[in-house]
Amino acid sequence: MSNLLPTTLRRLKRIPQNQSVWEGDRRPLVGMAEELDPDTFEGNGDCIIWVDGTEGVVRAMDVVSPEMGVEAVARTLLRAMENPHNPARQSRPQKIVVRDREIQFFLRGALQNLDIAIEYVSELPIIDELFRGFEQMSQTRPPKLPPQYAQQLQEAAYEIWDIAPWDFFADHQIVSIQLNQWDVTTLYVSIMGMLGREYGLLFYRSLESLKRFRATVLTEHSVEQLERAFLSQDCWFVNFETDNEDFDPEEGDLEDLPLSDIYPLFGSVHPYEGMRPFLGEEEAIAVYVALKALATFMRSKQKELDIEEDELPALKKRCRIALPKNGKPKQTVSVEVATLPDLASELLDMAEMPEELNSSGMAMSIHDDLVPDRSLVSLGALPWEQVTEIRNHGKKYYQSQGATELGNELPVVIVQTSRPKAKILIEKIQECGGLQAICFNPGEDPFSEATYDLGLLQAGNNNLYLFGEFDADDSIHLKARKKWEQRIKKTQGYCGLIVAMGLKGSARGRPRLQDMMALFEAKALSPSDLGMGILQLMPQFGFELDF
């Protein structure tokens, strides 16, 4: 056991000593854990607490790992003396009482020469009462799901996970579920997951709430504004999460994990309540029926949805859904599920509102939301005979810019992703007026002084979209860029964008002709053609023009 340093002892002795008696203890968190800040508590832990029994205030409290030694108790005690919680002030007690012999003997040795009596007692009335209060709060907290419906709700959520509606719907392609029950007329479902980031369903209880939230997110950018917009929603939610500690959302996809690692999380968001991670009884029934109705709709309409169309097809189905059993005779309700193509177009138009322009009429900022996350992006070339096959292929999308067969091949940027994400990427490019040009422009991070070769796609609406940030000093990229420039000269400035599927299959990194879903011909532009100069990386906003 190490004694306190002489300088520490002298500093503590200068703290005024009063006649107070402090209680101290170390206990497993148990019911208290969920009342603490989740950022300070992970898994099992112990709570160390020091209470001034005379004034009845908590002077210091820490959450520590069970493996940490008794020294942690002393550290919290010293903080209780020097830097106590408000409204307490610096002071040194006359006596300390603990109910653990090991803590008593340790503190006697560590705090000698501080004139503090350290005694053992069998009970600590103030701390005992404090922990009883936390346990009662834990026992009275409502369950996250009504017990009589919990299993059926979770099974319905796993059924949705198995169907994977995000393979067919983007988040702006809303599905309506008409209930006319439980004080709800229609739910408007936004399906998250097509971009491979978060998977879940938002059941908006009003169309106004859905539109207001999306409009606010598009116009507000600060963290505070976005948080306020989030809490102003009026919806139920079902999110799919994992407790797999090895899973990194930046590197992997939740869909790649085994089902045993996935669990659904239910809750509600309301402007007056904020977010709560539980559902009441009537809410649970409504969400259950909505999940079952959506699953029924998806199974019956999968063929109509699994086609390559530019627009969401107008589909509708009425079905009868059995209410969750609760020891009552079987009851069913009639539910109508429908797609809303007009609303999808309206929400998409909201996202494409023009940004502030510079003097040349070009968008001021570089968008980075076109190419799906975790796509494979590479520079390559497509032999002209394969270009001809794609041009003549009825089911592959082809955009012509008048490229003629000069040289041996067409230089292309290849974006390889999953089939659903490839479909939405093609649709987004079409909705932006097609692909106009491909350019590489220099960029820099003024803070780290790193330099980049930025791959940009210019759409028909003149917006610029980032498809790659390449290290300007990377030898592999430099060789690829050199070949790109040589091929561009031979084709007299023509190039193309290939959108391919097969990200997880044997064709990963080397898409075959059958994996290529679209070819967009384009013109190759030089940095001087764009006239933007060096783009600078701005925190939170990506690359912007440097004026």
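Residues numbered from 1 in each chain as written. Predicted model: local features only at pLDDT ≥ 70, side-chain atom pairs only at ≥ 80, totals over all residues. Heavy atoms only, no water.

A. Up close: the overall build of the protein chain. Across its full length, the protein chain carries 13 helices and 23 strands. Counting every position in the protein chain, which comprises 547 residues, the buried fraction comes to 47%. Contacts spanning at least 24 positions in sequence make up 67% of the contacts within the protein chain whose residues lie at least 6 apart. Of the roughly 28,500 Å² of accessible surface on the protein chain, 48% is carried by carbon and sulfur atoms. (Helix = DSSP H or I, 4+ residues; strand = E, 2+ residues; numbered from the N terminus. Buried < 20%, exposed > 50% of the residue type's maximum accessible area, 1.4 Å probe, protein only. Contact = heavy atoms within 4.5 Å. Areas by Shrake-Rupley, 256 points an atom, 1.4 Å probe, with all protein chains shown as cover.)

B. Main features of the sheet that holds strand S6 (residues 175-181). With antiparallel pairing, the eight strands of this open sheet are ordered in space as S11-S10-S9-S8-S7-S6-S13-S12. Because the sheet does not close on itself, it has two edges, and the strands there are strand S11 (274-276) and strand S12 (316-322). Pairwise comparison of adjacent strand axes, ignoring direction, gives a mean angle of 25° for this sheet. As judged from the three bridges shared by strand S10 (residues 262-270) and S11, these two strands associate in the antiparallel manner. Within S11, the residue paired with His 270 across the bridge is Gly 274. Relative to S10, helix H5 (residues 150-163) is tilted by about 105°, and along the sheet it contacts strand S8 (199-204), strand S9 (235-242) and S10. (Pairing = 2+ DSSP bridges. Axes fitted to C-alpha atoms, helices over the stretch in contact; angles between N-to-C directions.)

C. Here's a closer look at empty space enclosed by the protein. Within the structure shown, the criterion is met by two cavities of 30 Å³ or more. Volume-wise, the second largest cavity comes out at about 30 Å³. Contributing to the lining of the second largest cavity are Leu 370, Ile 429, Cys 432, Gly 434, Leu 435, Leu 457, Ala 459 and Tyr 465. (1 Å grid on protein atoms, 1.4 Å probe; cavity = no way out; pocket = protein on both sides within 12 Å on 5 of 7 lines; lining within 4 Å. Points joined across faces, edges and corners; volume = space filled by probe spheres on them.)

D. Focus on the pairing of S10. For S9 and S10, the ladder comprises eight bridges, and the chain directions are antiparallel. Within S10, the residue paired with Trp 236 across the bridge is Ser 268. What sits between the antiparallel neighbours S10 and S11 is a turn of three residues.

E. Fine view of the pattern of salt bridges. What the rule picks out here adds up to 21 salt bridges. Here Glu 283 makes a salt bridge to Arg 276, at a shortest N to O gap of 2.5 Å. The shortest N-O distance in the salt bridge between Arg 391 and Glu 521 comes to 2.7 Å. Highlighted residues: Arg 391 in helix H10 (residues 384-392) and Glu 521 in strand S21 (residues 516-525), separated in sequence by 130 residues. Connected through salt bridges with shared partners, the residues Asp 25, Arg 27, Arg 99 and Asp 128 form a single ionic network. (Salt bridge = Lys/Arg side-chain N within 4 Å of Asp/Glu carboxyl O.)

F. Expanded view of unusual backbone geometry. In the Ramachandran plot, Ala 164 falls in the positive-phi region, its phi being about 55° despite a non-glycine side chain. Note that Ala 164 resides in the loop between H5 and S6. At Trp 182, a position not held by glycine, the phi torsion is positive, near 55°. Topologically, Trp 182 is positioned in the loop between S6 and strand S7 (184-192).

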